[in-house]
Amino acid sequence: MEPAVSLAVCALLFLLWVRVKGLEFVLIHQRWVFVCLFLLPLSLIFDIYYYVRAWVVFKLSSAPRLHEQRVRDIQKQVREWKEQGSKTFMCTGRPGWLTVSLRVGKYKKTHKNIMINLMDILEVDTKKQIVRVEPLVTMGQVTALLTSIGWTLPVLPELDDLTVGGLIMGTGIESSSHKYGLFQHICTAYELVLADGSFVRCTPMENSDLFYAVPWSCGTLGFLVAAEIRIIPAQKYVKLRFEPVHGLEAICDKFTYESQRPENHFVEGLLYSLEEAVIMTGVMTDEAEPSKLNSIGNYYKPWFFKHVENYLKTNREGLEYIPLRHYYHRHTRSIFWELQDIIPFGNNPIFRYLFGWMVPPKISLLKLTQGETLRKLYEQHHVVQDMLVPMKCLPQALHTFHNDIHVYPIWLCPFILPSQPGLVHPKGDEAELYVDIGAYGEPRVKHFEARSCMRQLEKFVRSVHGFQMLYADCYMDREEFWEMFDGSLTPSLRSTTRSARLPGTEPEPAQEEADAWGDPVPRARRHLPFTQAWLLCQIHTLRKKPLQKHPLPTWP
């Protein structure tokens, strides 16, 4: 009885404190209190629910039977929207706060929301080495299932909550991308519902222009309802080598060298200052030395970036064997290093042992509860950006990041960029090695001003034929955006939009900023930083001849 009374007294004191200080004050200045008491338990409940649901659905094989029905329901919603006069634009009905991004799109409140309840793994075909999934399947679901049966994705991005749809319509990367490319490059087929309610399947051989246009299109070509993705045999562990490197030139040379070695399954770098880094290389293996086994994903273990930093501080190389799934989600518990700004003592051993099993809080719940004041503070005093630049420009790029934003650690992830059609490809006709430079945290440059500093960084990225990941805030105008991305497929796209009977009228020359579904962008959105506005020029299909439309596939 006494513990219950004590707990009740503590709760009353906390509520009284919130009452005196105000909820907004607590959410902004003492955010860790709210996160620890409410968001961590709630996030744990979410995780348990979705894990159990995914396991039950797959074991009962109900997802393939229900998938066809769900797709028809999406088609029905789109056709009803057309019958009602297509008075507003369309978007998915998934709340904006659920996306793994700092932004919450306001368009969700004004557009026609199409409900898409597609979150299941449909089929694993080990003979064809293909997994077929719905768009809301998360990386956590994929690794839990595939690694349990001895398979994995060639490119499996970090965070548990990233969805297949987001990684296709946006982009995704992992430390194996120097071998396999971006997430889009391991996909073999997409299935979409277009704006006239028709069902289309596209592959590199069938409706190929549409296939290459879907990645980076941010959902502007249609509603993704399924994707087929390559899988490869998995092994139990990753044999991971840690090598501290000092001096910018040595860092860039070592990172480039390791990224070009085909025997490395994984390559990653963490830059702790302009002159200090740890370069990590890994290979999958089924054997491990027991004394060097490190299950880094266990809740009581140090955060990965802090663990890596110890090799730098002691200036020693290291070798560890990490279970494969632990390696894939090594940055999940600390959300890379973002969680240290939310729970400053989160890596303390006492906190890890007592509460680490509830970490991390859901990014979606953090967004939902941050409030407008905190959102503006983050926008002006916090950077979350991934810039993709040619590997040959890495030294210059790191100097630019250091001078313009001065955020550390910096994540370095190499990837091969094939010469293929679409928004993103190398300048020449051959594949080229690029690097993702990820900056997440509070800028330490004097007099940081988000808009001017980010525009300066974007200008540099354009100058070296690089690209900016579009999940984050972008401050380019339309001309600058199309200087960065290849929009050459767009004109041929428009005529097919007419054949697909998409809603709206062809934009006039003065209104060529088109909405995702063929209508002019509302004026209010033209003055926003990029967010969705300029990408909305990509309209649905990329062929002058009609797309090959299919009846829905059936399953036994």
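Residues numbered from 1 in each chain as written. Predicted model: local features only at pLDDT ≥ 70, side-chain atom pairs only at ≥ 80, totals over all residues. Heavy atoms only, no water.

## Quick look at the overall build of the protein
Just so we agree on the cut-off: Going along the chain from the N terminus, every DSSP run of H or I of four or more residues is numbered as a helix, and every run of E of two or more is numbered as a strand. Note on classification: 1.4 Å probe, protein chains only; a residue is buried when its accessible area is under 20% of the maximum for its type, exposed when over 50%, partly exposed between these limits. Contacts are assigned to residue pairs with any non-hydrogen atoms lying within 4.5 Å of each other. In these tables, accessible area is a Shrake-Rupley quantity obtained with a 1.4 Å probe, and a residue counts as shielded only by the protein chains included in the view.
Looking only at helices and strands, one finds 20 helices and 17 strands in the protein. Per-residue burial for the protein yields a buried fraction of 57% across its 556 residues. Taking the intrachain contacts of the protein between residues at least 6 apart in sequence as the baseline, contacts between residues at least 24 apart amount to 74%. As displayed, the protein has an accessible area near 24,700 Å², and 56% of this comes from carbon and sulfur atoms.

## Description of helix H5 (residues 139-148)
Among the 10 residues in H5, 7 count as buried, and that is most of the element. When H5 is considered as a whole, its buried residues turn out to be Met 139, Gly 140, Gln 141, Val 142, Thr 143, Leu 145 and Leu 146. Just beyond H5, the residue with positive phi is Gly 150, at close to 85°.

## Some points on the side chain of Glu 258
Rule in force here: For this analysis, a polar contact is any N or O atom pair within 3.5 Å, provided that within protein one partner can donate a hydrogen and the other can accept it, and provided that sequence-adjacent residues contribute only side-chain to side-chain pairs.
Counting through the fold element by element, Glu 258 comes out in helix H9 (residues 248-259). In this structure Glu 258 comes out as buried when scored by relative accessible area, which is 4%. Polar contacts involving the side chain of Glu 258 include one to the side chain of Arg 261, which spans 3.2 Å. Excluding residues within four positions of it along the chain, Glu 258 makes contact with Asn 264, Val 267, Ile 279 and Thr 281.

## Overview of the side chain of Asp 436
Where we set the bar: Lys and Arg are tallied as positive, Asp and Glu as negative. Neither His nor the chain termini are counted. The term salt bridge refers to a side-chain nitrogen of Lys or Arg lying within 4 Å of a carboxyl oxygen of Asp or Glu.
Tracing the backbone shows Asp 436 in strand S16 (residues 432-441). Of the side chains with opposite charge, Arg 330 lies nearest to the buried Asp 436, which makes no salt bridge, at 10 Å. The residues touching Asp 436, leaving out its near neighbours within four places in the chain, are Ile 173, Asp 386, Met 387, Leu 388, Trp 411, Leu 412, Cys 413, Phe 415 and Met 469.

## Considerations on the sheet that holds strand S8 (residues 223-230)
Within a sheet, each strand pairs with its neighbour through backbone hydrogen bonds, oriented either parallel or antiparallel. Put simply, the rule reads: At least two bridges found by DSSP between two strands are what make those strands a pair. The axes are straight lines fitted to the C-alpha atoms, using for helices just the contacting stretch, and the angles between their N-to-C directions are given from 0 to 180°.
Across the sheet, which stays open at both edges, the 5 strands sit in the order S3-S4-S8-S6-S7 with antiparallel pairing between neighbours. Looking at which strands have only one partner, the edges of the open sheet turn out to be strand S3 (121-125) and strand S7 (199-202). The sheet shows a mean angle of 15° between the axes of neighbouring strands, direction not considered. Strand direction decides the pairing type here: strand S6 (residues 187-193) and S8, joined by 6 bridges, are antiparallel. For Ala 189, the partnering residue across the bridge sits in S8 and is Glu 228.

## Quick look at the environment of Arg 241
Locating Arg 241 in the fold gives a position in strand S10 (residues 237-246). On the basis of relative accessibility, which here comes to 44%, the residue Arg 241 falls in the partly exposed class.

## Describing the pairing of strand S12 (residues 276-285)
For S12, a buried count of 8 out of 10 residues is recorded, marking the element as mostly surrounded by other parts of the structure. In the sheet, S10 pairs with S12 via 10 bridges, with the strands oriented antiparallel. Across the sheet, Val 245 pairs through a bridge with Ala 277, a residue of S12. In the sheet, strand S11 (residues 266-273) pairs with S12 via 7 bridges, with the strands oriented antiparallel.

## Thoughts on the pattern of salt bridges
Close approach of charged atoms lets side chains of opposite charge pair. Tallying each qualifying case throughout the model produces 20 salt bridges. The closest approach of N and O atoms between Lys 306 and Glu 309, which form a salt bridge, is 3.8 Å. On the criterion of helical spacing, the pair formed by Lys 306 and Glu 309 is a turn pair, its members being 3 residues apart in helix H10 (residues 304-313). Classification of Glu 309 as buried rests on a relative accessible area of 17%. When the shortest N-O distance is used, the salt bridge between Glu 483 and Arg 462 registers 3.6 Å.

## As for the confidence of the model for the protein
Close inspection of predicted coordinates is inappropriate for parts of the model with low pLDDT. Counted only if it meets this: The score called pLDDT rates the predictor's confidence residue by residue, from a low of 0 to a high of 100.
Residues of the protein with pLDDT of at least 70 account for 78%, and the chain-wide mean is 81. Below pLDDT 50 for its whole length, residues 497-545 participates in 149 contacts with residues either more than four positions away or in separate chains. In this model residues 552-556 is a low-confidence stretch, pLDDT under 50, and it forms 14 contacts with partners more than four residues away in sequence or in other chains.

## Side note on helix H17 (residues 450-463)
Filter applied, for reference: Given the number of residues in a helix, its expected span is that number minus one, multiplied by 1.5 Å.
Its 14 residues give H17 an end-to-end C-alpha distance of 20 Å, which sits within 8% of 20 Å, the value for a rise of 1.5 Å per residue. Every buried residue of H17 is listed here: Ala 450, Cys 453, Met 454, Leu 457, Glu 458, Phe 460, Val 461 and Arg 462. Immediately beyond the C-terminal end of H17, within one or two residues, lies His 465, with a positive phi of roughly 60°.

## Here's the deal with unusual backbone geometry
Here the amide bond leading from Val 359 into Pro 360 is cis, since omega sits at 5°, within 30 degrees of zero. On the secondary structure map, Pro 360 appears in the loop between helix H13 (349-355) and helix H14 (363-368). Note the cis peptide between Tyr 408 and Pro 409, where omega equals 0°. Along the chain, Pro 409 turns up in the loop between helix H16 (394-404) and strand S15 (410-417). Backbone geometry places His 447, a non-glycine residue, at a positive phi of 55°. The topology assignment puts His 447 in the loop between S16 and H17. Positive phi, normally seen in glycine, also occurs at His 465, with a value near 60°.

## Thoughts on the packing of aromatic side chains
Cut-off, in case you're wondering: Only rings of Phe, Tyr and Trp enter the pairing, Trp through its six-membered ring, and a pair is recorded when the two centres are within 6.5 Å. The plane angle decides the type: under 30 degrees is stacked, over 60 is edge-to-face, the rest tilted. Here, a charge over a ring is recorded when the distance from Lys NZ or Arg CZ to the ring centre is within 6 Å and its angle to the ring normal is within 35 degrees.
Inspection of the entire model under this criterion finds 21 aromatic pairs. Here the aromatic rings of Phe 336 and Tyr 440 are separated by 5.2 Å at their centres, their planes lie at 55°, and the arrangement is tilted. In this pair, Phe 336 sits in the loop between helix H11 (324-328) and helix H12 (339-342) while Tyr 440 sits in strand S16, placing the two residues 104 residues apart along the sequence. Pair check on accessibility: Phe 336 and Tyr 440 agree, each one buried. Cluster of aromatic residues (ring-pair linked, three or more members): Trp 216, Phe 415, Tyr 434, Phe 467, Phe 481, Trp 482 and Phe 485. Positioned above the aromatic ring of Tyr 327, the side-chain terminus of Arg 330 is 4.1 Å from the ring centre.

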